[in-house]
Number of protein chains: 2
Amino acid sequence: MAEVNHPEEYRVAPNFQIRAFFDSAPPILDAADTKAKLNEFIHRNYLAAGNDDKASRIVCVTSGGTSVPLERRCVRYIDNFSSGHRGAASTEYFLKSGYSVIFLYRRGTCQPFCRDLPDNALIECLKYNDASSLQVDHKCAEVVRRAITEHQAAVAGGSLIKLPFTTIFEYLQMLKLIAELLRSIGPSAMFYLAAAVSDFYVPWESMTVHKIQSGAGPLDMQLAQVPKMLSVLRSEWAPMAFCISFKLETDKDILLEKADMALRKYGMHMVVANELLTRKEEVTVVAPNEKIIVKRDESQVGADVENPLINLIVERHSEYICRLNQFACK
Amino acid sequence: MAEVNHPEEYRVAPNFQIRAFFDSAPPILDAADTKAKLNEFIHRNYLAAGNDDKASRIVCVTSGGTSVPLERRCVRYIDNFSSGHRGAASTEYFLKSGYSVIFLYRRGTCQPFCRDLPDNALIECLKYNDASSLQVDHKCAEVVRRAITEHQAAVAGGSLIKLPFTTIFEYLQMLKLIAELLRSIGPSAMFYLAAAVSDFYVPWESMTVHKIQSGAGPLDMQLAQVPKMLSVLRSEWAPMAFCISFKLETDKDILLEKADMALRKYGMHMVVANELLTRKEEVTVVAPNEKIIVKRDESQVGADVENPLINLIVERHSEYICRLNQFACK
């Protein structure tokens with residue numbers, strides 16, 4: 001492969017840039033509460049598993065896009081498009097594989113077990129027969145049943161915790177909090193970073209307080225780069241965790257090359273490369289010394305690419321745990 | 001009042017700018033279908049009303065924020081924050097006042113009669129008692145009943161039509177389409193423009209096709225101003241319609257002055273001035289030669305500012321119709 005030089009993008013962010021980002025970010029609300037809930041979730045699930053390796057694993061799935069406020073009293077913001085479908089679907093398969101899931105999602109995006117619901121499902125699918133009996137439209141019957149019963153089973157069973165975010169500031173602070181807590185379970189922790197994270201932002205301290213006025217002609221905006229947090233997640237926050245990041249491009253010619261770079265520079269264990277237009281059909285998993293194409297099973301109605309993708313990832317996570325724990329591996 | 005000079009913002013957009021915007025916009029899907037549905041809606045409601053003045057009125061309520069794509073294969077976009085709560089609430093009161101409503105809303109925002117539903121209401125509020133009977137959690141019972149029964153009554157009764165948009169391109173093309181159709185009912189038409197419309201955009205033809213790369217350091221973006229369409233709505237698309245626009249600011253010192261300017265320069269009949277932090281408590285309605293403060297009724301639990309606001313607007317619309325039609329007015 002020809003030597004490719006992307007010095008800026010793959011530069012590991014210096015510590016001072018990362019500190020500056022967190023120092024200037026508006027603090028998240030209820031941090032102490034969230035931390036206590038997470039702590040309880042992690043220890044209950046990890047300890048309850050006993051010697052059951054699969055059940056002791058906890059994955060943090062990030063999902064949806066982060067937004068970047070352009071004004072402190074936020075009217076305008078830059079957003080990254082993501083329906084959250086990938087994260088929601090993957091969460092379902094991780095739960096089926098026995099993992100507990102910390103689902104860190106953008107408010108308003110797709111929820112696990114709810115992928116097939118129409119917009120505004122409550123008013124589109126339900127009606128009252130009489131004063132007390134609700135009926136589901138037969139067109140939605142199956143998706144409504146699945147959403148309600150499977151979602152509730154996961155939450156009631158204590159294996160799914162959901163934490164919402166909106167801005168890049170909330171997302172990165174939450175990710176750091178989760179990572180520092182998951183650190184204690186070593187290689188049983190996984191990060192599956194499917195969220196579409198903003199590359200550019202306006203530092204809070206340089207942000208205008210009031211709405212930007214439209215009076216002065218064209219708008220000229222300068223945005224700083226968000227420091228890449230993947231390397232610090234690997235090196236400091238949770239060094240033993242198994243880490244999978246995503247690379248989405250619209251131009252397939254640069255996709256694999258960029259995924260490969262991300263793998264090496266950030267020390268990811270796997271990078272899932274997906275192209276905007278075909279991402280529901282296939283992805284390429286880039287791991288050290290291999291590239292694996294994962295396709296959805298076209299012979300099955302409703303089959304999705306997340307099913308074989310999570311199977312592959314769980315298998316590799318098992319090998320990773322074996323290697324690190326020196327378990328007797330198959 | 002001191003003379004204030006805002007030559008840029010309140011300049012009426014030259015026709016060539018408006019033409020250029022529409023010429024370069026990606027065309028909306030299903031335009032012919034939407035036009036046919038709208039035509040049917042308008043004529044059915046207007047004609048069925050006969051001599052009933054109130055029932056012959058049709059208001060187009062716009063709601064939620066428009067988004068501006070930064071890339072053609074859209075990954076990133078600039079968004080205007082708006083929950084759509086104002087538009088949804090106002091739609092309910094217009095329906096109660098006998099109007100038919102064309103609800104032009106941003107996908108994913110608040111729907112009429114659904115304002116009090118929690119996020120993800122379907123999975124949060126419902127459960128199956130047994131295989132076939134759905135039960136509503138008692139905490140949500142009232143809001144779920146209201147959402148389903150009142151929303152369905154409005155849609156089934158034929159007085160509410162809902163049309164979604166996402167981008168500024170879709171929004172303005174839909175608005176033009178609706179306005180040119182509502183033109184035929186003269187002063188019985190109203191525009192209640194509560195949507196948060198982008199002031200800046202990237203013209204489609206100058207937009208990058210692929211995802212902007214984050215490799216090259218800080219991002220410098222230049223955005224063009226969206227031509228102000230309010231004046232062309234008044235002068236060409238639907239010259240007889242009663243028009244209400246909104247002005248949202250975070251800085252109350254400039255709010256009323258800007259609302260007043262908008263009234264005069266765009267020929268609005270009323271401008272609703274609202275400040276970000278207090279907008280659910282009170283608004284100021286700016287009309288020619290008057291400013292009316294409208295507050296929610298604090299003595300009533302659950303009372304909102306949209307109730308008295310729509311009462312005031314309906315009253316003024318009545319006067320306007322009387323004046324134009326030379327009806328015998330009270």
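Chain A is annotated in an unreviewed UniProt entry as DNA/pantothenate metabolism flavoprotein C-terminal domain-containing protein from Cuscuta australis. In UniProt, chain A has this text filed under Sequence similarities (unreviewed entry): "Belongs to the PPC synthetase family." Of the comments in the UniProt record for chain A, the one headed Pathway (unreviewed entry) reads "Cofactor biosynthesis; coenzyme A biosynthesis; CoA from (R)-pantothenate: step 2/5."

Tell me about the pattern of salt bridges, and name the residues and values.
Residue and element names in this part refer to chain A. Tallied over the entire structure, the rule returns 40 salt bridges over all chains. Note that Glu-71 and Arg-76 form a salt bridge whose closest N and O atoms lie 2.8 Å from each other. Per residue, the accessibility class of Glu-71 equals that of Arg-76, and both read buried. A salt bridge links Arg-106 to Asp-79; its shortest N-O distance comes to 2.9 Å. Of this pair, Arg-106 sits in strand S4 (residues 100-106) while Asp-79 sits in strand S3 (residues 76-80), placing them 27 residues apart in sequence. Relative accessible area serves as the criterion here: at 2%, Asp-79 is assigned to the buried category. What you see here is one network of salt bridges that share partners, running through Glu-92, Arg-115, Arg-146, Glu-150 and Asp-304.

Hey, could you go over the packing of aromatic side chains for me, with residue numbers and the actual values?
Taken as a whole and assessed by the stated rule, the structure comprises 22 aromatic pairs over all chains. Here the aromatic rings of B:Phe242 and B:Tyr320 are separated by 5.0 Å at their centres, their planes lie at 50°, and the arrangement is tilted. Taken as a pair, B:Phe242 in strand S11 (residues 242-249) and B:Tyr320 in helix H9 (residues 306-325) lie far apart in primary sequence, 78 residues in all. By relative accessible area, B:Tyr320 is classed as buried at 7%. Ring pairing ties together the aromatic residues A:Phe21, A:Phe22, A:Phe169, A:Tyr201 and A:Trp237, which thus form one cluster. A:Arg145 extends its terminal NZ or CZ atom over the ring of B:Tyr128, reaching a point 4.4 Å from the ring centre. Looking at A:Lys162, its charged tip hangs above the ring of A:Tyr105, at a distance of 5.9 Å from the centre.

Conventions and cut-offs
- Residues numbered from 1 in each chain as written.
- Chains lettered and ligands numbered in written order.
- Predicted model: local features only at pLDDT ≥ 70, side-chain atom pairs only at ≥ 80, totals over all residues.
- Heavy atoms only, no water.
- UniProt positions renumbered as here; feature names shortened; annotations may be inferred.
- Salt bridge = Lys/Arg side-chain N within 4 Å of Asp/Glu carboxyl O.
- Buried < 20%, exposed > 50% of the residue type's maximum accessible area, 1.4 Å probe, protein only.
- Helix = DSSP H or I, 4+ residues; strand = E, 2+ residues; numbered from the N terminus.
- Phe/Tyr/Trp six-rings, centres within 6.5 Å; stacked < 30°, edge-to-face > 60°.
- Lys NZ or Arg CZ within 6 Å of the ring centre and 35° of its normal.

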